[in-house]
Protein chains: 2
Amino acid sequence: LPDLADAVGSPNLLTDPDVVAGYCVDWTGRFHGGAAAVVRPASTDEVAAVVAACRRHGLALVPQGGNTGLVGGSVPGEGAVVLATTRLTAPADVDAAGGQATVRAGTTVAALHAAATAAGWDYGVDFAARDSATVGGTIATNAGGVRVLRHGDTRAQVLGVEAVLGDGSVVSHLGGLLKDNTGYHLPSLLCGSEGTLGVVTAARVRLVAAAPARAVALLGFAAMEDAVTAALALHRDLPVLDAAELMTGAGIDLVCRVLDLAPPFAARHAAVLLVEAAATGDPTAVLAEAVSGVEGVVDAAVATDGPRRAALWRYRESHTEAINHLGPPHKLDVTLPSAALAPFLAEVPAVVRRVVPGADVWLFGHAADGNIHVNVTGVAPDDEAADDAVLDLVAAHGGSISAEHGIGRAKVRWLHLNRSAAEIAAFRAIKRALDPDGILNPGVLLPEG
Amino acid sequence: LPDLADAVGSPNLLTDPDVVAGYCVDWTGRFHGGAAAVVRPASTDEVAAVVAACRRHGLALVPQGGNTGLVGGSVPGEGAVVLATTRLTAPADVDAAGGQATVRAGTTVAALHAAATAAGWDYGVDFAARDSATVGGTIATNAGGVRVLRHGDTRAQVLGVEAVLGDGSVVSHLGGLLKDNTGYHLPSLLCGSEGTLGVVTAARVRLVAAAPARAVALLGFAAMEDAVTAALALHRDLPVLDAAELMTGAGIDLVCRVLDLAPPFAARHAAVLLVEAAATGDPTAVLAEAVSGVEGVVDAAVATDGPRRAALWRYRESHTEAINHLGPPHKLDVTLPSAALAPFLAEVPAVVRRVVPGADVWLFGHAADGNIHVNVTGVAPDDEAADDAVLDLVAAHGGSISAEHGIGRAKVRWLHLNRSAAEIAAFRAIKRALDPDGILNPGVLLPEG
């Protein structure tokens, strides 16, 4: 470990077991590891020195940003070194004329939003963990979130990256040119690579136009199918739609109970859709007109000012916290083809209870792009019968076993449901090309072998 | 060659020198090769058999779509086998509900547009060579074109690909799920790889909303700088802007002379901008209002109906043909950072004439995203002094030596102006991973060695 101390300076090499332990578990408590040490480099050169030291000593290196991932992708295995990006921060460098920003990997998503907003712009990716999740982590996982339907995923925002690859080389391309066909697109390859190809240290991202006004509506439906149909119709017909989030009556009840919130409606509805429109002009009128054309709405609450919008969003964003209150859930983040979404939602509770009779199934997510978070509680952490059943059902419907959380450690053994042997072989070849010693995040994304 | 005949059937293995010669030159006449044979596979399996045969015999394989590229990327070297995608066609399979299409590699861009339009949608990438250029070719080159500022480049359209990699394996992921984080993003890697990693045989692409109405305006300016400022301002302020194409008075004069067209304005203007808006409602009013806020417009012509819009577009789209009439031009397709665009345009003619006194410099392109096509005529085909001077100037301004045409054979020796040794080493490692024998398009994109 002296090489690691040389790389980052002794104060930033953490080996006290009590301190290291804090980096060895994810926040849901489901994934545990046992790192030998934690390093906190403050520059790309220090990251390169860490990678070189780990190569020399054959140590596994696990990049860790906000550690808010849900598939164990930033939880170290026994004996690994955690590379915390805590000190890879600086104020985001916003190009207000060009609508771009250069941002270092350890910057939180919330800090990037704040910097963009201060310059008259916005950032296109947003989700509940924004205060802890880092830009580097969102690139590694190709984070999605609540605005994908409007602005695309993280890959769609990233114009260039600086990274230390697994072979120790530093690549940097942060010019932000909108058209630049000069070689293979490393930013897109690193987006979603889950720390297995390189450690991202900085990125150039595009910003999106700030919405002068927003309106949020919570819509009650008597049936889940009606809510799904409404989400897809609004996505097709309302260009200014920023979000369309599906919830169940049971989920809202749980959130209200755990967080001691008043229910949003006097009556209870089987399905609830949160929709947000962002526009110049009057988004409330635009949203009201669009919603008036939607069938099946039996109840509605609308908010325009910031605090009331936040209050409606709280029902959706508190789902993760409320469900975690019931014990570590099995979290399955999946995408269905749009035509298969309603049938899948109808089938999944019974499919789970067939294999784990006492389980509870919580369904919520980004309905308009087919992405549903299936959370299962009342199952032992090591019992994967429910996971098997849900992911088999997803694959049978032509869906993806990971919409936006990635594969991590949690889903490696199901990757074959979506990816052929030839695809996995191509992934392995790319991994060997950029990380020839296999030191970066072993056991994550790709089956070992 | 018997293995190749087995792969595609004798009638689709072409070896007659007169026939093969037609596949050995690009349409500008600047790049010449000397293929041993041409194969025309009709299925992904046949492509895989061709790749396997070339690996066995150590033959270079050069994929060729419409052969409309401008950097020699589809022109074979001596002794290579050309893989023509002519027979990899079928009607595009349009998912009208989901706004996506599955399309085979040999389908022309025009045919994809027609299929999308027939289903009530549009395709986001468009450019003058649409009738010959193929979808496979646009993926290999990550084609840009006239609508990048609205819809992004080809990479932004491609949700999934089917391809035969250089190692002979077939990868296919055409489900079109909007969120799907299950491994490295091969579609983004293949986009812009110029046939050096795999042969794309099919793709799943997103479609964009069809614009119910369009308006085109040709705007005259007394100075190039005014036209650049106007293009950037319109891009910032007009969300429905579909295109903003810059031309010079000299370029318009040449087009009118070669194609025998009437000039667009009674007076001659130093710079001309073609702008197109596509919107629901009244795009003419929207465009007129936006243009009225732009400084420096000294003349304007507006068109709304199809034939008159096409007539205005003809001044822009005929530039390539008119310039080619002067003999094979040196074509340099570059991007400048927005702040550097006007200074670059002012400097480049003198920079060229300093090294080639008799040369003519033609400037046109997609001004709003910084992309300019610098065409130089009156220079011997093998004299690269002007190319050196222009690309050095681009690099000095922080620009890209290839905006949308790619590196091909033409720009390999300048790649180092934009890419570090570490980046080129990473590209080589990826190339070796997916094409271990180096049979795919050797000499294109990456320096040999």
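Residues numbered from 1 in each chain as written. Chains lettered and ligands numbered in written order. Predicted model: local features only at pLDDT ≥ 70, side-chain atom pairs only at ≥ 80, totals over all residues. Heavy atoms only, no water.

1. Describing the overall build of chain A
Along its length, chain A carries 15 helices and 18 strands. By the compact-globule yardstick of 22 Å for 449 residues, chain A fits well, its C-alpha radius of gyration being 22 Å. Taking the principal axes of the C-alpha coordinates as reference, chain A spans close to 65 × 55 × 45 Å. Counting all 449 residues of chain A, 59% fall into the buried class. Considering only contacts within chain A whose residues lie at least 6 apart along the sequence, 74% involve residues at least 24 apart. Put simply, chain A shows about 15600 Å² of open surface, and 54% of that area lies on carbon and sulfur atoms. Charged side chains of chain A number 31 positive and 48 negative; the gap between the two group centres comes to 2 Å. (Helix = DSSP H or I, 4+ residues; strand = E, 2+ residues; numbered from the N terminus. Rg over C-alpha atoms; globule rule 2.2 N^0.38 Å. Buried < 20%, exposed > 50% of the residue type's maximum accessible area, 1.4 Å probe, protein only. Contact = heavy atoms within 4.5 Å. Areas by Shrake-Rupley, 256 points an atom, 1.4 Å probe, with all protein chains shown as cover. Lys, Arg positive; Asp, Glu negative; His and termini not counted. Charge placed at Lys NZ, Arg CZ, Asp CG, Glu CD.)

2. Quick notes on the packing of aromatic side chains
Scanning the model with the defined rule gives two aromatic pairs over all chains in all. Measuring from ring centre to ring centre gives 5.5 Å for Tyr-184 of chain A and Phe-427 of chain B, while their planes differ by 65 degrees; the resulting arrangement is edge-to-face. Taken together, the residues Tyr-184 of chain A in the loop between strand 9 (170-172) and helix 7 (186-190) and Phe-427 of chain B in helix 15 (residues 421-434) connect one chain to another. A relative accessible area of 0% places Tyr-184 of chain A in the buried class. The exposure class assigned to Phe-427 of chain B is buried, which follows from its relative accessible area of 0%. (Phe/Tyr/Trp six-rings, centres within 6.5 Å; stacked < 30°, edge-to-face > 60°.)

3. Some points on the relation of the copies chain B and chain A
Superposing chain B onto chain A requires a rotation of 180 degrees together with a translation of 0.0 Å along the rotation axis, leaving an RMSD of 0.0 Å. Given the turn and translation reported, the copies of this chain are related as if by a two-fold rotation axis. When the interface residues of chain B are mapped onto chain A, 100% of them are again interface residues, pointing to one common binding face. (Least-squares fit on C-alpha atoms with pLDDT ≥ 70 in both.)

4. Quick look at the interface of chain B and chain A
At the interface, 58 residues of chain B touch 58 residues of chain A. Both sides together, the interface formed by chain B and chain A hides about 4500 Å², and carbon and sulfur atoms give 61% of it. Interface area lost by chain B to chain A is led by Lys-179, Asn-181 and Tyr-184 of chain B, which between them contribute 24%. Across the contact surface, chain B and chain A share four salt bridges. Between the two partners, chain B and chain A, sit 28 residue pairs in polar contact (both at pLDDT 80 or more). Within the residue set of the side of chain B that touches chain A, elements represented by two or more residues are strand 9 (170-172), helix 7 (186-190) and helix 15 of chain B. Of the residues forming the side of chain B that touches chain A, the biggest block, nine residues, is contributed by helix 15 of chain B. (Buried area = accessible area lost by both parts, 1.4 Å probe. Salt bridge = Lys/Arg side-chain N within 4 Å of Asp/Glu carboxyl O. Polar contact = N/O pair within 3.5 Å; in protein donor to acceptor, adjacent residues only side chain to side chain.)

5. Some thoughts on unusual backbone geometry
A positive phi angle, close to 55 degrees, is found at Asn-67 of chain A, a residue other than glycine. Structurally, Asn-67 of chain A can be placed in the loop between strand 3 (61-64) and strand 4 (81-84). One non-glycine residue, Asn-142 of chain B, adopts positive backbone phi at about 50 degrees. Residue Asn-142 of chain B is classed as buried on the basis of its relative accessible area of 2%.

6. A look at the pattern of salt bridges
Scanning the model with the defined rule gives 46 salt bridges over all chains in all. Between Asp-242 of chain B and Arg-147 of chain B there is a salt bridge whose closest N-O contact spans 3.6 Å. One end of the pair, Asp-242 of chain B, is in strand 13 (residues 241-248); the other, Arg-147 of chain B, is in the loop between helix 5 (135-141) and helix 6 (148-151), and 95 residues separate them in sequence. There is no split in this pair, since Asp-242 of chain B and Arg-147 of chain B are both buried. Connected through salt bridges with shared partners, the residues Asp-122, Asp-126, Arg-130, Arg-147, Arg-150, Arg-214, Asp-242, Glu-276 and Glu-317 of chain A form a single ionic network.

7. Concerning the environment of Asn-375 of chain A
Residues and elements named next belong to chain A. Counting through the fold element by element, Asn-375 comes out in strand 18 (residues 371-377). For Asn-375, a relative accessible area of 1% gives the class buried. On a C-alpha basis, the gap between Asn-375 and Asp-387 in space is 9.7 Å, while along the polypeptide they are twelve residues apart. If near-sequence neighbours (up to four positions away) are discounted, Asn-375 is found in contact with Ile-323, Pro-329, His-330, Lys-331, Asp-360, Val-361, Trp-362 and Phe-364. A polar side-chain atom of Asn-375 sits 2.7 Å from a polar atom in the side chain of Lys-331.

8. What to know about the sheet that holds strand 8 (residues 158-165) of chain A
Note: strands within a sheet are paired through backbone hydrogen bonds, in either parallel or antiparallel orientation. Residues and elements named next belong to chain A. One open sheet accounts for five strands, arranged 5-6-10-8-9; its pairing is antiparallel. Two strands lie at the open edges of the sheet, namely strand 5 (93-95) and strand 9, each paired on one side alone. Across this sheet, the average inter-strand angle for adjacent strands is 15 degrees, counted without regard to direction. In this sheet, strand 9 lies alongside strand 8 in antiparallel orientation, the contact comprising three bridges. Within strand 9, the residue paired with Val-164 across the bridge is Val-170. (Pairing = 2+ DSSP bridges. Axes fitted to C-alpha atoms, helices over the stretch in contact; angles between N-to-C directions.)

9. Examining the pairing of strand 6 (residues 100-104) of chain A
Residue and element names in this part refer to chain A. The element strand 6 is largely enclosed, with a buried count of four among its five residues. The sheet contact formed by strand 5 and strand 6 spans three bridges and is antiparallel. Pairing of Asp-95 across the sheet is with Gln-100, part of strand 6. Between strand 5 and strand 6, which follow one another and run antiparallel, lie four residues, and Gly-99 among them has a positive phi close to 70 degrees. Relative to strand 10 (residues 198-206), strand 6 runs antiparallel, the two being bridged by five bridges. Looking at strand 10, one finds that Gln-100 is bridged to Arg-206.

10. What about the pairing of strand 17 (residues 360-366) of chain A?
Residues and elements named next belong to chain A. Among the seven residues that make up strand 17, six are buried, leaving the element largely enclosed by the rest of the structure. Here two bridges tie strand 13 (residues 241-248) to strand 17, and the two strands are oriented antiparallel to one another. Bridge pairing links Leu-246 to Gly-365 in strand 17. Pairing of strand 17 with strand 18, which is carried by seven bridges, proceeds in the antiparallel orientation.

11. Comments concerning the sheet that holds strand 17 of chain A
Residues and elements named next belong to chain A. Judged by pairing direction, the sheet is antiparallel, and its seven strands sit side by side in the order 15-12-14-13-17-18-16 without closing on themselves. Across the chains shown, the open sheet's two edge strands, defined by having one partner strand only, are strand 15 (297-303) and strand 16 (330-335). Across the sheet, the mean angle from the axis of one strand to that of its neighbour is 15 degrees, orientation sign disregarded. Pairing geometry for strand 12 (residues 213-221) and strand 14 (residues 271-279), over nine bridges, is antiparallel. Its bridge partner lying in strand 14, Ala-217 is registered against Val-275. Contacting strand 12, strand 13, strand 14, strand 15, strand 17 and strand 18, helix 11 (residues 306-317) runs over the sheet at an angle of about 45 degrees to strand 12. Sheet strands in contact with helix 13 (residues 338-355) are strand 13, strand 16, strand 17 and strand 18, and its direction is about 155 degrees off that of strand 17.

12. Quick notes on the state of the cysteines
Residue and element names in this part refer to chain B. All told, the structure shown has zero disulfides over all chains when counted by the stated rule. Just so you know, Cys-24 is unpaired, no disulfide at all, and the nearest cysteine sulfur is the one on Cys-54, 14 Å from it. For Cys-24, a relative accessible area of 6% translates into the label buried. (Disulfide = S-S within 2.5 Å.)

13. Things to note about the environment of Pro-343 of chain A
Residues and elements named next belong to chain A. Relative to the helices and strands, Pro-343 resides in helix 13. By relative accessible area, which is 32% here, Pro-343 ends up partly exposed. Separated by 54 residues in sequence, Pro-343 and His-397 have C-alpha atoms that sit 9.1 Å apart.

14. A look at the nonpolar core
Of all hydrophobic cores here, the largest spans 191 residues; its most connected members are Phe-344 and Val-374 of chain A together with Phe-344 and Val-374 of chain B. Residue contacts for Phe-344 of chain A: discarding those within four places in its chain leaves Val-334, Leu-336, Val-374, Val-390, Leu-393, Val-394 and His-397 of chain A. The next biggest cluster of nonpolar side chains, apart from the first, holds 23 residues, and it includes Leu-261, Phe-265, Val-272 and Trp-313 of chain A. (Core = buried A, V, L, I, M, F, W, Y, C linked by side-chain atoms within 4.5 Å.)

15. Description of helix 14 (residues 385-396) of chain B
Residues and elements named next belong to chain B. In this model helix 14 runs 16 Å from its N-terminal to its C-terminal C-alpha over twelve residues, within 8% of the 16 Å that 1.5 Å per residue would give. Where helix 14 is buried, its residues meet strand 16 (330-335), helix 13 (338-355) and strand 18 (371-377). Just downstream of helix 14 lies Gly-398, where phi reads positive at about 80 degrees. (Expected span 1.5 Å × (residues − 1).)

16. A short note on the side chain of His-151 of chain B
Residues and elements named next belong to chain B. Tracing the sequence through the fold places His-151 in helix 6. For His-151, a relative accessible area of 15% gives the class buried. Ignoring sequence-local partners within four residues, the contact set of His-151 consists of Gly-124, Ala-156, Gln-157, Arg-206, Val-208 and Asp-242.

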